[in-house]
Structure formats: C-alpha cells, structure tokens
Amino acid sequence: MYNLDGRSALITGGAVGIGRRIATRLAEEGCDIGIVDVDGIAAEETAHAVAATGRRCVVLEADVGDYDQVQGAVARFRDEFGKVDIVSNNAAIVTVGSVMDLAVEEWRRVFRINADGVLHVCKAVVPHMVERRSGRIINTASWFGKIGKPNYSAYSASKFAVIGLTQSLAAELAPLGVTVNAVCPGTIVGTRMRDAADEKSVQQGLPTAKERESLIPIGRVGVPDDIARVVAFLASDESAYMTGQSINVTGGLWMH
Ligand SMILES: NC(=O)c1ccc[n+]([C@@H]2O[C@H](COP(=O)([O-])OP(=O)(O)OC[C@H]3O[C@@H](n4cnc5c(N)ncnc54)[C@H](O)[C@@H]3O)[C@@H](O)[C@H]2O)c1
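The structure presented is a predicted model; accordingly, all values stated were derived computationally and were not measured. (Residues numbered from 1 in each chain as written. Predicted model: local features only at pLDDT ≥ 70, side-chain atom pairs only at ≥ 80, totals over all residues.)

1. Side note on the pairing of strand E3 (residues 57–61)
Heads up, the condition is: Burial is judged by counting the other C-beta atoms within 10 Å of a residue's own C-beta: 20 or more makes it buried, 12 or fewer makes it exposed, and any count in between marks it as partly exposed, with every C-beta position built from the backbone. For the purposes of this entry, the term helix denotes a DSSP run of H or I that reaches at least four residues, the term strand denotes a run of E that reaches at least two, and both are numbered from the N terminus. Pairing between two strands is assigned when DSSP locates at least 2 bridges connecting them. Look down the strands so they point away from you; if the path from the first strand over the helix to the second goes clockwise, the crossover is right-handed.
Of all 5 residues in E3, 4 are buried; the element is thus mostly enclosed. Where strand E2 (residues 32–37) meets E3, 5 bridges bridge the pair, whose relative direction is parallel. Considered in E3, the bridge of Ile33 is made with Cys57. With respect to chirality, the unit in which E2 leads through helix H2 (residues 40–51) into the neighbouring parallel E3 is right-handed.

2. Some remarks on the packing of helix H3 (residues 67–81) against helix H5 (residues 116–132)
Convention followed: Under this scheme, a helix contributes an axis fitted over its contacting stretch, all axes are lines through C-alpha atoms, and angles between N-to-C directions fall in the 0 to 180 degree range. Each angle receives one of four descriptions, namely roughly parallel if under 35 degrees, roughly antiparallel if over 145, roughly perpendicular if within 65 to 115, and oblique otherwise. Crossing handedness is defined as follows: a turn of the near helix away from the far one that is anticlockwise and smaller than a right angle gives a left-handed crossing, while the clockwise case is right-handed. A pair of residues counts as a contact when their C-beta atoms, built from backbone coordinates, are separated by no more than 7 Å. In the scheme used here, Gly and all other residues not listed as nonpolar or charged are polar, with Ala, Val, Leu, Ile, Met, Phe, Trp, Tyr, Cys and Pro taken as nonpolar and Asp, Glu, Lys and Arg as charged.
Direction vectors running N to C along H3 and H5 enclose 40 degrees, while the axes themselves pass 9 Å from each other. One way to sum up the angle between H3 and H5 is to call them oblique. Considering how the two elements wind past one another, H3 and H5 form a crossing that is right-handed. Every residue of H5 that contacts H3 at Tyr67, Val70, Gln71 and Val74 is listed here: His120, Val121, Ala124 and Val125. Looking at the contact of H3 with H5 residue by residue, the class counts come to 6 nonpolar, 2 polar and no charged.

3. Details of the site of the ligand
Rules: In this analysis, residues qualify as near a molecule or strand once their C-beta atom, positioned from backbone atoms, comes within 6 Å of it.
Within the structure, the ligand sits among 28 residues, and Gly13, Gly17, Ala92, Thr191 and Met193 are positioned closest to it. Grouping the amino acids of the shell around the ligand by side-chain chemistry returns 13 nonpolar, 10 polar and 5 charged.

Here you go:
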C-alpha cells in the first residue's frame, strides 16, 4: 500500500470499469475522490463504493470532450477539496472497423474524447498544480498507443496522441514539481469497453479477449485492479523520479 492520506484525486471515466477500480483503490490509499463522467448514475455507484472506504467522493457529471464542462468540473472539485493532488485521465471510447469503413465523423468523435479530453483536463489542472509545485498526472493510454492493429485506427491513433502529450507535458512540467506518466493496459476484461469490443469481434468473426488469452505470456487476461495498482504507484511518492513514462501493463503481451 502507498500512503496517500489527505490527497485528492480526480478520475475521469470513473463510473465503471478500470476507472471505478482506480477510484476505489486510490480511496483505499487515503484519497478523497472526484469522478468526472458522462454516466452520472453509474458514477453514483462508484461514489457509494468510495464512501464504504471512509473517504469522500463527489460526482461531477461532465463530458471530457467539452472544455467548458471540464473547467466547471475541476472548479467544483477544487471547491470541494481545496486542491488537486492527483489526476487520472482514464475516460475513453473505442470504435472497431477498417479504415475504409470509418466515417471521418467517427474518427473525430474518438479523438474528441480520447485525446482532446486528456488535453482539456490537463489545461484545467496544470496551472493550479504548478502554483503548488506539486501534482501527479496519470493518463490511461493503451498498448495500442504503441503499435497499430487492424480495425482500431482511430482508437490507436488517439492513444498515440495521449502518449505524445504525456511526454511533452512531462518535459514541460518536470522542473515545476509535477510528474506526468501513462499506463498502457493490455487486454483488461470486466469493462464496458471490452464487452463492446468483444461483441464487435464476434460479429466480425474475430477472436474475443478470452480466446486470445493464450497469447499473453503471463497466461491470463488482465482485470481493472492490475491497472489500478500501477496508477496508485504512479500517484505515490514512490515514483517521484519517474516522469514521461508510458508503462505497459499487459501481462507481457507488449514489451516496447
Ligand atoms: N479494457 C481494456 O482492455 C483496455 C485496454 C487498453 C486501454 N484501456 C483504456 O482504459 C481506460 C478505461 O477503459 P475501460 O475498459 O474501463 O472502459 P469503460 O468503457 O468500461 O469505461 C470508460 C468510462 O469512460 C466514461 N466516458 C466515456 N466517454 C466519456 C466522456 N465523453 N466524458 C466523460 N466520461 C466518459 C464512460 O462513461 C465510462 O465510465 C480507457 O482509457 C481505455 O482506452 C482499456
């Protein structure tokens, strides 16, 4: 366990899946939590799970693709907790299909949430973190942000953008007391995104996540907790000398 007592953590996409586990894990470490998500109902369920740990949780219903909404959510978070110590930029969507079948509007929809969304939150929190000479930003990218795969062009390109932004921002903020890192999950089951991608795979005659399990060197698919514990490490003082890194959490599926 990492001692994060008294810190406040804002998590986007914390209503379900990996983000929900990041929220509860950081709460178990001692953080008060803010959930930024479009799904307010599911976010309330996460808030109950956080409350069960004894920490406070505020639900901030907002679309990360809308800069004004993000600024409003961050302002409400600061009103509630006074400061922003940790940000987990985790909200994203996926689209599956060939480049030739991909509508330009669909590409833009994915970028608006997956890439612009990360930028919006960073722009809203960084001045405050720099003023305090303290902050941890952890972006959820993907191993598809390091290698393009068929049928995932928009998603993959948006995650390459997240890694590029992570590195650029890390270099800018390194002298100012703020670290910026990314986690790159592999095949993580038990999330809405994974269920949707599997459904599409079945329709297209492609293997599901479970059917690809034998390709994973560690021999199992991942679960949200595998990602959350790395986020907790990157949020803690134990990772003080790390910035600009994009850490694979893939069971050995990807090693670069
Ligand atoms: N599940 C995997 O196998 C896997 C693999 C690699 C990377 N990832 C990444 O992990 C992160 C979490 O994925 P997950 O599998 O838990 O997905 P999920 O679909 O279960 O959860 C995504 C969350 O983001 C929220 N969200 C979507 N659009 C939003 C918007 N515009 N504004 C605010 N919130 C929004 C959703 O409501 C949901 O709560 C994502 O960044 C995803 O790209 C997942």
